[in-house]
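Descriptive analysis of the structure
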Amino acid sequence: MVKEIKFRIAIEQDLDKIVEILADDELGRKRERYEQPLPEGYTKAFQAITSDPNNELIVAYQDKEVIGVLQITFTPYITHQGGWRATIEGVRTTSSVRGKGVGSELIKWAIQRANERSCHLIQLTTDKLRVDALRFYERLGFKATHEGLKMKLE
């Protein structure tokens, strides 16, 4: 029997586990720094996210163990008659639960949350190197309807 997955807004005590999860894959190892103490940038980002009512850092947990994370940002747009949209970023689960439905439940939770916030659209990006992630999002109903471009700033 699979234990119940619950969701909540992350608290500062979760930050260490969140960074550990973010760093626990091929791309994450290249761009994250999971070390003790955590680099100060993570704490500053956490504080900025949690102080902004249009940003939510969400953890998935079983019992008391954090097993997944995502960030959801709510943005008002002048387009679509002034509608709101939600953007999902940083979706990760612990390696011990990958392939067991936790990621799907996280995304379903985020979709429900976007509906609660009256968003007309939910969007996300995934690195082109994450081929499995792209298939995962497509299975959940996301479609590649736009070309996304990014520019890395120094």
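Summing up its helical and strand segments, the protein chain has six helices and five strands in all. In sequence order, the secondary structure elements of the protein chain are arranged as β-α-α-α-β-β-α-β-α-β-α. The C-alpha radius of gyration computed for the protein chain amounts to 16 Å, which stays within 12% of the reference 15 Å derived for 154 residues, consistent with globular compactness. Considered along the principal axes of its C-alpha atoms, the protein chain spans approximately 45 × 45 × 30 Å. In the protein chain, which comprises 154 residues, the share counted as buried stands at 36%. Restricting the contact set of the protein chain to residue pairs at least 6 apart, pairs at least 24 apart contribute 60%.

Attention now moves to the nonpolar core. In this structure, Leu 70, Ile 88, Ile 107 and Tyr 137 are the most contacted members of the largest nonpolar core, which totals 21 residues. In terms of residues, this core owes the most to one element, helix α5 (residues 102-116), which gives five residues. Beyond its immediate stretch of four places on either side in the chain, Tyr 137 contacts Val 91, Ile 107, Leu 124, Thr 126 and Phe 142. Among the nonpolar cores identified, the runner-up in size contains 14 residues, and Val 19, Ile 21, Leu 22 and Phe 46 belong to it.

Take the pattern of salt bridges next. A complete count under the given rule lists twelve salt bridges for this structure. Put simply, Asp 14 and Arg 8 hold a salt bridge, and the shortest N to O gap is 2.6 Å. Between Arg 98 and Asp 24 there is a salt bridge whose closest N-O contact spans 3.7 Å. Residue Arg 98 is found in the loop between β4 (84-93) and α5, and its partner Asp 24 is found in the loop between α1 (15-23) and α2 (26-31); the two are separated by 74 residues along the sequence. Given the relative accessible area of 37%, Arg 98 is considered partly exposed.

Taken residue by residue, α1 has Leu 15, Ile 18, Val 19, Ile 21, Leu 22 and Ala 23 as its buried positions. Close packing links the buried residues of α1 with α2, α3 (40-50), β2 (55-62), β3 (65-76) and β4.

The rules we used
- Residues numbered from 1 in each chain as written.
- Predicted model: local features only at pLDDT ≥ 70, side-chain atom pairs only at ≥ 80, totals over all residues.
- Heavy atoms only, no water.
- Helix = DSSP H or I, 4+ residues; strand = E, 2+ residues; numbered from the N terminus.
- Rg over C-alpha atoms; globule rule 2.2 N^0.38 Å.
- Buried < 20%, exposed > 50% of the residue type's maximum accessible area, 1.4 Å probe, protein only.
- Contact = heavy atoms within 4.5 Å.
- Core = buried A, V, L, I, M, F, W, Y, C linked by side-chain atoms within 4.5 Å.
- Salt bridge = Lys/Arg side-chain N within 4 Å of Asp/Glu carboxyl O.

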